[in-house]
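The residues making up each chain are set out below.
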Amino acid sequence: AQSVTQPDIHITVSEGASLELRCNYSYGATPYLFWYVQSPGQGLQLLLKYFSGDTLVQGIKGFEAEFKRSQSSFNLRKPSVHWSDAAEYFCAVSNFGNEKLTFGTGTRLTIIP
Amino acid sequence: NAGVTQTPKFRVLKTGQSMTLLCAQDMNHEYMYWYRQDPGMGLRLIHYSVGEGTTAKGEVPDGYNVSRLKKQNFLLGLESAAPSQTSVYFCASITGTAYPPNTEAFFGQGTRLTVV
């Protein structure tokens, strides 16, 4: 069964500093990977996705993620965070044909001035 | 174009009561999902549907039933609510058509349910 692990429950970063959120997946074939963001009291919004091709994918709001098959990872990065990036971030995995989208437990990001 | 709309947004139930949560999407999506979100547990899939008239169990289906009589609506029912079902419930939909598969999932704003 497919699964996603986000090892960091909560991360605190200073505004303007760089950010990396970790995601590891478990799936037998090539996975389809996603990062979603959830602001307080809101639903989830897609940041970026990986299906195939270039392993470095760009998303909205200045985020990017890199797919590393050898490490089963899909870490999310941003060079310089803004206070508005404070939110909860979810990594998710799916595969073609099995339409179940499986989420990790999330990482809550706090930004300090 | 409203996207995905969940009704109601908040509800308090007494143990043993029943209720139905409604999810409506106006994007002609094939696939629809019900998730529950609990602190420290992320989103867990309750039930899903890959088309009108179809439903399937997810990770945590016990205590819930669903129906997809119309393509645009996906209903989640609690027949006899329990305190363990206190959670925030999210509905989502995906196009489900052709490649690339599983493109962006659109989420509703959530329903906060408390069972006392």
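Look up a bit, the structure's there.
Read on for an overview of the structure.

Reading guide: rules and limits
- Residues numbered from 1 in each chain as written.
- Chains lettered and ligands numbered in written order.
- Predicted model: local features only at pLDDT ≥ 70, side-chain atom pairs only at ≥ 80, totals over all residues.
- Heavy atoms only, no water.
- Pairing = 2+ DSSP bridges.
- Helix = DSSP H or I, 4+ residues; strand = E, 2+ residues; numbered from the N terminus.
- Axes fitted to C-alpha atoms, helices over the stretch in contact; angles between N-to-C directions.
- Contact = heavy atoms within 4.5 Å.
- Salt bridge = Lys/Arg side-chain N within 4 Å of Asp/Glu carboxyl O.
- Polar contact = N/O pair within 3.5 Å; in protein donor to acceptor, adjacent residues only side chain to side chain.
- Nonpolar A, V, L, I, M, F, W, Y, C, P; charged D, E, K, R; others polar.
- Buried < 20%, exposed > 50% of the residue type's maximum accessible area, 1.4 Å probe, protein only.
- Disulfide = S-S within 2.5 Å.

### Comments concerning the sheet that holds strand 3 (residues 19-25) of chain B
Residues and elements named next belong to chain B. An order of 1-3-8-7 is seen for the four strands of this open sheet, with the pairing classed as antiparallel. Pairing within the sheet leaves two strands with one partner each, and these edge strands are strand 1 (4-7) and strand 7 (65-67). Across this sheet, the average inter-strand angle for adjacent strands is 20 degrees, counted without regard to direction.

### With respect to the interface of chain B and chain A
Between chain B and chain A, the contact holds 22 residues from the first and 23 residues from the second. Applying the counting criterion to the chain B and chain A interface returns zero salt bridges. The tally of links between chain B and chain A comes to five residue pairs in polar contact (both at pLDDT 80 or more). Listed by contribution, the elements that provide at least two residues to the side of chain B that touches chain A are strand 4 (31-38) and strand 5 (42-49) of chain B. Within the side of chain B that touches chain A, the residues separate by chemical class into 14 nonpolar, seven polar and one charged.

### Describing the pairing of strand 3 of chain B
Residues and elements named next belong to chain B. Only one face of strand 3 is covered, namely the one carrying Met19, Leu21, Cys23 and Gln25; the face carrying Thr20, Leu22 and Ala24 has none of its residues buried. In this structure, strand 1 lies alongside strand 3, joined through four bridges in antiparallel fashion. In the strand pairing of strand 3, threonine 7 is matched with leucine 22.

### Observations concerning the pairing of strand 9 (residues 73-78) of chain A
Residues and elements named next belong to chain A. Counting buried residues in strand 9 gives five out of six residues, a clear majority hidden from the surface. In this sheet, strand 9 lies alongside strand 8 (residues 64-68) in antiparallel orientation, the contact comprising five bridges. The partner of lysine 68 across the bridge, within strand 9, is serine 73.

### Details of the state of the cysteines
Across all of its chains, the model carries two disulfides over all chains by this definition. Here Cys23(A) connects covalently by a disulfide to Cys91(A), the sulfurs 2.0 Å from one another. In this structure, the disulfide formed by Cys23(A) and Cys91(A) twists by about -65 degrees around the S-S bond and is classed as left-handed. Taken together, the residues Cys23(A) in the loop between strand 3 (19-21) and strand 4 (24-26) and Cys91(A) in strand 10 (residues 87-95) connect sequence positions 68 residues apart. According to the relative accessible area criterion, Cys23(A) is buried, its value standing at 0%. Judged by relative accessible area, Cys91(A) falls into the buried class, the value being 0%. Note that Cys23(B) is cross-linked by a disulfide to Cys91(B), the S-S spacing being 1.8 Å.

Just distances and angles here, no functional claims.
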